[in-house]
Amino acid sequence: YPDRVIRSHIGIGGPQFDTFPAEKGRLDIAANDGDDIIELEGYADRLLVFKKKSVYIVNVSQDGQEGIESHLPYIGVNNASQVVKFEKGIAWANPSGCYLYNGEQTINLTENKIYSGGKWEPSGNISWSGGSLSQSWQVDPTHIPAITYLFSKKQLWIAISMNGDSQTNDAWIYDFKVEGWTMGS
């Protein structure tokens with residue numbers, strides 16, 4: 001069941017781990033949409049269900065009354081390495097950008113900060129010393145990016161590729177202190 005989330009029953013005395021009642025505790029997330037669940041992450045009283053093409057935010061605050069609260073199309077992930085949970089929420093990266101769910105809203109961390117429409121050509125009095133990868137958000141959909149959080153520096157690091165190719169050592173770095181991006185190469 002690539003579209004199904006199954007939870008253990010919460011009974012008297014607490015959760016009954018590793019017991020899955022036949023019908024109770026089953027939640028189908030956009031069943032038969034041709035898109036499999038890749039990763040699950042919980043934050044606050046929400047469960048984020050990551051599929052390849054979409055992300056679903058499921059309200060799990062009431063036992064037995066779980067339901068899809070929000071559907072975020074076109075910003076899914078291909079691999080669990082593209083999602084990280086940390087004290088500020090859940091962040092994920094894909095070819096369209098880097099996103100943060102903070103328990104209340106989803107924020108596009110790249111919007112208006114990194115050009116995402118292909119190669120950026122600076123004009124006018126702007127000087128640019130970065131390489132071609134540092135000119136725009138270029139996460140190739142055929143590559144496997146990875147994201148992690150450095151607590152000591154309050155930074156997200158997004159490795160552009162885990163494929164062992166020429167981009168393996170390149171990473172985007174988002175600094176929460178300055179709310180800005182830089183390229184590490």
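Structure: see above.
Predicted, not measured: the structure shown is a model, and the values here were computed from it.

Conventions used here
- Residues numbered from 1 in each chain as written.
- Predicted model: local features only at pLDDT ≥ 70, side-chain atom pairs only at ≥ 80, totals over all residues.
- Heavy atoms only, no water.
- Helix = DSSP H or I, 4+ residues; strand = E, 2+ residues; numbered from the N terminus.
- Buried < 20%, exposed > 50% of the residue type's maximum accessible area, 1.4 Å probe, protein only.
- Polar contact = N/O pair within 3.5 Å; in protein donor to acceptor, adjacent residues only side chain to side chain.
- Contact = heavy atoms within 4.5 Å.
- Pairing = 2+ DSSP bridges.
- Axes fitted to C-alpha atoms, helices over the stretch in contact; angles between N-to-C directions.
- Phe/Tyr/Trp six-rings, centres within 6.5 Å; stacked < 30°, edge-to-face > 60°.
- Lys NZ or Arg CZ within 6 Å of the ring centre and 35° of its normal.

A. Structural detail: the side chain of Lys51. Within the element layout of this structure, Lys51 appears in strand S6 (residues 46-51). Overall, Lys51 belongs to the buried group, its relative accessible area being 0%. Polar side-chain contacts of Lys51 include one of 2.7 Å to the backbone oxygen of Ile29. At 3.0 Å, the side chain of Lys51 and the backbone oxygen of Asp35 are in polar contact. Excluding its chain neighbours within four sequence positions, the residues that come into contact with Lys51 are Asp3, Ile29, Ala30, Asp33, Asp35, Asp36, Ile37, Ile38, Tyr56, Gly76 and Val77.

B. Region of the structure containing the environment of Asp140. Tracing the backbone shows Asp140 in the loop between strand S12 (106-108) and strand S13 (146-150). For Asp140, a relative accessible area of 31% gives the class partly exposed. Sequence spacing of Asp140 and Ser161 is 21 residues, and the spatial spacing of their C-alpha atoms is 8.1 Å.

C. Inspection of the sheet that holds S13 at higher detail. Strand order in the open sheet formed by 4 strands is S13-S14-S15-S16, and the pairing between neighbours is antiparallel. On the outer flanks of this sheet lie S13 and strand S16 (180-184), each paired with one strand and no other. Here the average twist between neighbouring strands, direction ignored, is 20°. Relative to strand S15 (residues 171-175), strand S14 (residues 155-159) runs antiparallel, the two being bridged by 5 bridges.

D. Focus on unusual backbone geometry. We note that Ala44 has phi near 55°; this positive angle belongs to a residue other than glycine. Tracing the backbone through its elements, the reader meets Ala44 in the loop between strand S5 (37-43) and S6. For Ala44, a relative accessible area of 66% puts it in the exposed group.

E. View of the packing of aromatic side chains. What the rule picks out here adds up to 8 aromatic pairs. Measuring from ring centre to ring centre gives 5.7 Å for Trp92 and Tyr99, while their planes differ by 25°; the resulting arrangement is stacked. When its relative accessible area of 0% is taken as the criterion, Trp92 is described as buried. Accessibility expressed as a relative area gives 7% for Tyr99, which makes it buried. Centroid distance Trp172 to Trp181: 6.2 Å. Interplanar angle 90°. Geometry classified as edge-to-face. In terms of burial, Trp172 and Trp181 fall into one category: buried. An aromatic cluster is defined as three or more aromatic residues linked by ring pairs; in this entry it consists of Phe86, Tyr149, Trp172, Tyr174, Phe176 and Trp181. A cation over a ring is seen here: Lys154 above Phe151, with NZ or CZ 3.4 Å from the ring centre.

Just distances and angles here, no functional claims.
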